[in-house]
Amino acid sequence: MSAHESMEHAEHAEHASSENKKIALLIAVIALCLALSETLGKGAQTESISLNVEASNLWAFFQAKSIRRTTVQTAAEQGKLSLATAPDDAAKAALQKQIDDWQKTATRYRSEPETGEGSEQLSERAKHAEHERDEATAKYHHFELASAAFQIAIVLASATIITGIAALAWVSGILTLAGIAVTLLGMVQPHLLPLH
């Protein structure tokens with residue numbers, strides 16, 4: 001091998017080494033994006049599950065309050081029917097007091113704004129938890145899609161080093177930008193793309 005050929009070979013190796021360093025840096029940036037997307041995705045998934053449990057618990061509490069209210073209302077209605085057959089004024093007064101107490105209890109079971117535990121308030125809280133759950137789920141789907149884009153981008157960038165085909169690096173970069181865009185959409189507008 002002549003000196004000239006050796007010099008060309010060394011220049012080619014140096015150029016390839018420089019390109020490989022750029023690709024390695026691209027892979028490192030994509031891996032960072034992947035780590036962030038995965039972290040956001042796991043957080044959104046955990047939040048979605050937690051809010052789903054909260055909504056289920058609130059609906060169960062709502063149903064229990066509704067059953068109690070119905071039971072108390074039924075007792076009050078039965079008491080009203082018994083009122084006419086009460087033997088004396090003292091019995092009528094006692095029964096009327098009990099009917100009034102049952103009606104107050106039924107009203108309290110329907111709406112209890114001070115505690116937030118009336119059936120109306122429980123229904124609103126459950127609907128809010130469902131909305132928040134749906135929001136977290138939509139975010140999760142965006143972050144998962146972005147993670148897939150980042151993973152494919154890493155594979156393509158790695159293939160660039162092996163094959164020397166620069167087009168793979170470009171496709172990898174485009175996928176990375178798409179992954180970043182989907183991650184940002186997941187953070188600020190998770191319902192813009194219907195991903196679920």
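For the structure, check the block above.
Here the residue index of a chain counts from 1 through its sequence in written order. Where local features are concerned, this predicted model is filtered to residues with pLDDT of at least 70; where side-chain atom pairs are given and counted, the filter is 80 or more; whole-chain, interface and lining totals use all residues. Working from all heavy atoms in the structure, the side-chain values ignore hydrogens and water.

(A) Looking closely at helix H4 (residues 166–188). The end-to-end C-alpha distance of H4 is 34 Å, a good match for the 33 Å that 23 residues give at a rise of 1.5 Å each. Only protein chains enter the calculation, and the probe is 1.4 Å; a residue is then buried if its accessible area is under 20% of its type maximum, exposed if over 50%, and partly exposed in between. Think of it this way: any DSSP run of H or I at least four residues long counts as a helix, any run of E at least two long counts as a strand, and we number them from the N terminus. Among the residues of H4, those classed as buried are Ala169, Ser172, Thr176, Gly179, Val182, Thr183 and Gly186. One fewer than the residue count of a helix, multiplied by 1.5 Å, yields its expected span.

(B) Highlighting the environment of Glu130. Tracing the backbone through its elements, the reader meets Glu130 in helix H3 (residues 119–163). Here Glu130 falls in the partly exposed class, since its relative accessible area comes to 24%. Residues Glu130 and Thr74, spaced 56 residues apart in sequence, show a C-alpha to C-alpha distance of 32 Å. In this structure Glu130 touches Ala55 and Trp59, once residues within four positions along its chain are discounted. In this analysis, two residues are considered to be in contact whenever any of their non-hydrogen atoms come within 4.5 Å of each other.

(C) Just the nonpolar core, in detail. If you look at the biggest cluster of nonpolar residues, it comprises 12 residues: Ile23, Ile27, Ile30, Cys33, Leu34, Ala146, Phe150, Ala153, Ile154, Ala157, Ala169 and Val182. At the level of secondary structure, the elements contributing two or more residues to this core comprise helix H1 (3–83), H3 and H4. Setting aside its immediate chain neighbours within four residues, Ile30 contacts Phe150, Ala153, Ile154, Ser172 and Thr176. Note on terminology: a nonpolar core comprises buried Ala, Val, Leu, Ile, Met, Phe, Trp, Tyr and Cys residues joined through side-chain atoms within 4.5 Å. One finds Leu58, Leu122, Ala126 and Ala129 within the second-largest nonpolar core, a separate group that totals 5 residues.

(D) Seen up close, the packing of H3 against H4. Two elements in contact, H3 and H4, have axes separated by 8 Å at closest approach and are oriented at 165 degrees. As the angle between them shows, H3 and H4 are arranged roughly antiparallel. Here H3 and H4 pass one another in a crossing that is left-handed. Each residue receives one of three labels: charged for Asp, Glu, Lys and Arg, nonpolar for Ala, Val, Leu, Ile, Met, Phe, Trp, Tyr, Cys and Pro, and polar for the others, Gly being one of them. Considered class by class, the residues forming the contact of H3 with H4 number 20 nonpolar, 8 polar and 1 charged. To get an axis, fit a line to the C-alpha atoms, keeping to the stretch in contact for a helix; angles then go from 0 to 180 degrees between the N-to-C directions. An angle below 35 degrees is read as roughly parallel, one above 145 as roughly antiparallel, one from 65 to 115 as roughly perpendicular, and any other as oblique. For any helix crossing, the convention is left-handed if the near helix is rotated counterclockwise from the far helix by under a right angle, and right-handed if that rotation is clockwise.

(E) The arrangement of a nonpolar patch on the surface in detail. Among the surface-exposed residues, Leu40, Leu177, Ile180, Leu184, Met187 and Val188 lie close enough to one another that they form a single nonpolar patch of about 560 Å² accessible area. Element by element, the count of residues in the nonpolar patch is highest for H4, at 5 residues. The residue Ile180 is located in helix H4 in this model. Patch criteria: residues need more than 30% relative accessible area and no salt bridge. Like-charged residues are merged within 9 Å; nonpolar side chains of Val, Leu, Ile, Met, Phe, Trp and Tyr are merged within 5 Å. Using the Shrake-Rupley algorithm and a 1.4 Å probe, accessible areas are obtained, with residue cover drawn only from the displayed protein chains. Salt bridges are identified by distance alone: a Lys or Arg side-chain nitrogen within 4 Å of an Asp or Glu carboxyl oxygen.

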